[in-house]
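Below, each chain spelled out in residue letters.
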Amino acid sequence: MYCLARPVSAQKQICITIDDLPTVSRVYQTAGGRDTLTQHLLSHLTLHRVPAVGFVIGNRLLTESRVDSSQIRLLNRWLDAGMELGNHTFAHKDYNDVSTTIYQQDVLGGETLLKPLLQKRVQSLRYFRHPFLHRGNTPGKCDSLSRFLISRGYEEAAVSVDNGDYLFSAAYDRALLQHNPTLAASVGRQYVDYMMACIHYYEAQADSLFRRPIPHILLTHANTINSVYLGELLTRLAAEGFAFISLKQAQQDPAYRSTDTFVGKAGISWLHRWALTQGKKGSFFKGEPEVPEVVQALASGR
């Protein structure tokens, strides 16, 4: 039996964010399959009363360059369930690899598809999530993107708990496609343990940096493994006393206004961006959980 979320007054707080909507899966590739994956994800979230934000990749709403009504229906299911939608660009381009102008066009492309959908519900598009968590690999690109997003009315969606859930889902997909449910279940069990270890690691990082707990923002994806195991992860979080809060609530904490001067190619947790800004060295970052080699090998088809 699932354990529902604790009251928001609980000391531990976490926001669940889900990237790559509508779906990303090698198993659920038909319209019916994508609908099933979406239904499972939303069932986990609604059962635990999680006010999640889903970040949409615009070109996944198109089929042969035309808006695909079946994909739009999936987004409407998110909105019907009380979830919020944010912009994850049109084509998920890597800001490290393209110019500021091209990247801005990618942001606008995603915006163009999402805004009409939200306007029908008298909602606004207020959050942007960077693909690969890349915010700029030169000071000029960082500054240009920040100014551009502010001019468009966006708030950047931070990530405090980074992880490799996409690798677990790739491995899980391969196990299912190999018709090996035993292997898939093994990957799933390791996944939940790994995600809890990541959350505990970043809790400790926050305590070291701020000398207090902060509301955390967890990065996940709309993938196969979360459609099955997200409920178990949420149950374990609730059992540890976590309250599930909105992105707005999380980012109201003063920690999320910390100075960030990190410039580089890496896509890393905001906690690590703030730590590097404060001059923290290698020993501070030790202990981050790693995706098991067996999962990495399966994910890559080795």
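Before any of the text, the structure's been laid out above.
Predicted, not measured: the structure shown is a model, and the values here were computed from it.

Asks: Just to check I follow, could you spell out the overall build of the protein for this structure?
Replies: The number of helices and strands found in the protein is 10 helices and nine strands. The C-alpha radius of gyration of the protein comes to 19 Å, within 12% of the 19 Å expected for a compact globule of 302 residues. Viewed in the frame of its principal axes, the protein has a C-alpha envelope of about 50 × 45 × 40 Å. Within the protein, the fraction of its 302 residues that count as buried is 54%. Excluding contacts between residues fewer than 6 apart, the proportion of contacts in the protein whose partners are at least 24 apart in sequence is 83%. Accessible surface for the protein amounts to roughly 13,200 Å². Of this, 51% is attributable to carbon and sulfur atoms. Looking at charge distribution, the protein has the averaged site of its 32 positive side-chain charges lying 3 Å from that of its 27 negative ones.

Asks: Got a minute to help me understand helix α1 (residues 31–47) in this structure?
Replies: Helical geometry note: an α-helix holds 3.6 residues per turn, so side chains three or four residues apart project in the same direction. Look at α1: 24 Å from first C-alpha to last across 17 residues, which is about the 24 Å you get at 1.5 Å a residue. Every buried residue of α1 is listed here: G33, R34, L37, T38, L41, L42, H44 and L45. Angularly, the buried residues of α1 cover 165° about the axis, an arc narrow enough to put them on a single face. Buried-residue contacts for α1 involve β1 (12–24), α2 (69–80), β8 (216–223) and α7 (224–239). R49, located one to two residues past α1, shows a positive phi value of around 55°.

Asks: What is the right way to read the nonpolar core from this model?
Replies: Across soluble globular proteins, nonpolar side chains show a tendency to be buried alongside one another. Among the nonpolar cores identified, the biggest contains 87 residues, and I16, L45, W78, L85 and L237 are the most heavily contacted of them. Here this core takes 14 residues from helix α6 (residues 181–210), the largest share from any one element. For I16, the contacting residues outside a window of four places in its chain are L45, V50, A52, V53, L218, T220, L234, F244 and I245.

The rules behind these values
- Residues numbered from 1 in each chain as written.
- Predicted model: local features only at pLDDT ≥ 70, side-chain atom pairs only at ≥ 80, totals over all residues.
- Heavy atoms only, no water.
- Helix = DSSP H or I, 4+ residues; strand = E, 2+ residues; numbered from the N terminus.
- Rg over C-alpha atoms; globule rule 2.2 N^0.38 Å.
- Buried < 20%, exposed > 50% of the residue type's maximum accessible area, 1.4 Å probe, protein only.
- Contact = heavy atoms within 4.5 Å.
- Areas by Shrake-Rupley, 256 points an atom, 1.4 Å probe, with all protein chains shown as cover.
- Lys, Arg positive; Asp, Glu negative; His and termini not counted.
- Charge placed at Lys NZ, Arg CZ, Asp CG, Glu CD.
- Expected span 1.5 Å × (residues − 1).
- Arc of directions from axis to C-beta.
- Core = buried A, V, L, I, M, F, W, Y, C linked by side-chain atoms within 4.5 Å.

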